[in-house]
Amino acid sequence: MRVHIISDMEGISGIVHTEQTNAGKPMFEEGRKLYTEEINAGVRGAKAGGATEIVVMDCHGAGDGFSWNSLIAEELDPDCEFVVQDQWTGYTAFLESGCDAALFVGMHAMAGTSDGVLNHTVSGVDWQNLWFNGRLVGETGINAALCGTWGCPVLLVTGDQAACEEGKALLGEGLTTVAVKQGLGAKSARLLPPPRARELVEAGAKEALSNLGAVEPYDPGKPCEIKVEFKGTTSPAKLRYRAGVESPDSRTIISRADDWWAAWKQFFF
């Protein structure tokens, strides 16, 4: 069984502040250790669930050389391999070659979620809202659509309670979720101690892989319209002349194509 573990940092137990997730901040090293150990829990659970090949893809943009490379390689479980990509959603080879399941570890809620710890969508600085064919989505939706492009189902989402609820609303009740903290606001939470959180993530990963048909691969629909509302005007102004991209107002772009992957590539890369 081939399993893709896709991870982000804001949904890890013990992480509440940006000082733990941004490169160069004093608490970033603590955040990296918490992050790596929770990924390891997912790896252990996947292995116990029957995975024979596990590839971890770090999707956290910490800045500097740590973007997509925030986990601590030396401390990563030796029963997996990991990818350092140049740009988020840029690595697709494992999915293209055939992947049985994806497990999402450390997810956060979309921008504007009142009880979502460190909630944002793609870039908290630039992005306000994102829609796929009229449906408001966050980063769980983006990663799920990426996996679904090659027929890979997402079977597990871990993170705060808001991220887990967002995942189930998008992917269905068959999704296994593990909430490692309850958001009290964007920068406050009630958390499980990391050792307990890791036990639950490991058990959740194993359980999720017990039924590969529990969740259908996510497809936003064909044809596909992706709409992005930005907080300012600079980013959409740079994208409005891309082929297939429209700009209905100064803060919004719309990308249309035959499928999600084609629409995404038209403006994101």
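On to the overall build of the chain, then. When helices and strands are tallied, the chain shows seven helices and 12 strands. A compact globule built from 269 residues would reach a C-alpha radius of gyration of about 18 Å, and the chain, at 17 Å, matches this within 12%. The C-alpha extent of the chain, read off along each of the three principal axes, is 50 × 40 × 30 Å. Here the chain holds 269 residues, and 53% of them are scored as buried. Only carbon and sulfur atoms are counted for the fraction: they give 48% of the accessible area of the chain, which is about 10,900 Å².

Right, let's get into the nonpolar core. If you look at the biggest cluster of nonpolar residues, it comprises 81 residues, and the most contacted ones within it are Leu 103, Phe 132, Ile 226, Trp 260, Trp 264 and Phe 267. It is helix α1 (residues 28–48) that provides the largest number of residues to this core, a total of seven residues. Sequence-distant contacts of Trp 264, defined by excluding residues within four places in its chain, comprise Thr 89, Trp 127, Phe 132, Ile 142, Ile 226 and Phe 269.

Our next topic: the packing of helix α3 (residues 139–149) against helix α7 (residues 260–268). The contact between α3 and α7 brings their axes to 9 Å, and the two run at 125°. Compared by their axis directions, α3 and α7 come out oblique. Residues Ile 142, Ala 145, Leu 146 and Thr 149 of α3 form the contact with α7, whose own contacting residues are Trp 260, Trp 261 and Trp 264. Of the residues contributing to the contact of α3 with α7, the split by class is six nonpolar, one polar and no charged.

What follows concerns α7. Along α7, the residues classified as buried are Trp 260, Trp 261, Ala 263, Trp 264, Phe 267 and Phe 268. Taken down its axis, α7 places every buried residue within 160° of arc, on the same side. Looking at the buried side of α7, the elements it contacts are β5 (127–132), α3, β10 (224–230), α6 (234–239), β11 (245–249) and β12 (252–257). Here α7 starts with a cap whose side-chain oxygen sits 3.4 Å from the backbone nitrogen of Trp 261, and that cap is Asp 259.

Before going further, it helps to spend a moment on the sheet that holds β12. Pairing in this open sheet of five strands is antiparallel, and the strands run β6-β5-β10-β12-β11 from one edge to the other. If you trace the sheet from one side to the other, it starts and ends with β6 (135–136) and β11, each paired once. Where β10 meets β12, six bridges bridge the pair, whose relative direction is antiparallel. Counted as the bridge partner of Glu 229 is Thr 252 from β12.

This next bit is on the sheet that holds strand β7 (residues 154–160). Backbone-to-backbone hydrogen bonds join strands into a sheet, with any given pair of strands oriented parallel or antiparallel. In space, the seven strands of this open sheet follow the order β3-β2-β1-β4-β7-β8-β9, with mixed pairing throughout. Strands at the two margins of the open sheet, each flanked by one partner only, are β3 (81–83) and β9 (188–191). Across the sheet, the mean angle from the axis of one strand to that of its neighbour is 25°, orientation sign disregarded. The pairing of strand β4 (residues 101–107) with β7 spans four bridges and is parallel. Considered in β7, the bridge of Leu 103 is made with Leu 156. Each of β4, β7 and β8 (176–185) touches helix α4 (residues 161–171); the most contacted strand, β7, lies at about 155° to it. Of the strands in this sheet, β4, β7 and β8 are in contact with helix α5 (residues 194–208), which crosses β8 at around 145°.

The buried fraction of β10 is high, at five of seven residues. The pairing of β5 with β10 spans five bridges and is antiparallel. Looking across to β10, one finds that Asn 129 is bridged to Glu 229.

Definitions and cut-offs
Residues numbered from 1 in each chain as written. Predicted model: local features only at pLDDT ≥ 70, side-chain atom pairs only at ≥ 80, totals over all residues. Heavy atoms only, no water. Helix = DSSP H or I, 4+ residues; strand = E, 2+ residues; numbered from the N terminus. Rg over C-alpha atoms; globule rule 2.2 N^0.38 Å. Buried < 20%, exposed > 50% of the residue type's maximum accessible area, 1.4 Å probe, protein only. Areas by Shrake-Rupley, 256 points an atom, 1.4 Å probe, with all protein chains shown as cover. Core = buried A, V, L, I, M, F, W, Y, C linked by side-chain atoms within 4.5 Å. Contact = heavy atoms within 4.5 Å. Axes fitted to C-alpha atoms, helices over the stretch in contact; angles between N-to-C directions. Parallel < 35°, antiparallel > 145°, perpendicular 65-115°, else oblique. Nonpolar A, V, L, I, M, F, W, Y, C, P; charged D, E, K, R; others polar. Arc of directions from axis to C-beta. Polar contact = N/O pair within 3.5 Å; in protein donor to acceptor, adjacent residues only side chain to side chain. Pairing = 2+ DSSP bridges.

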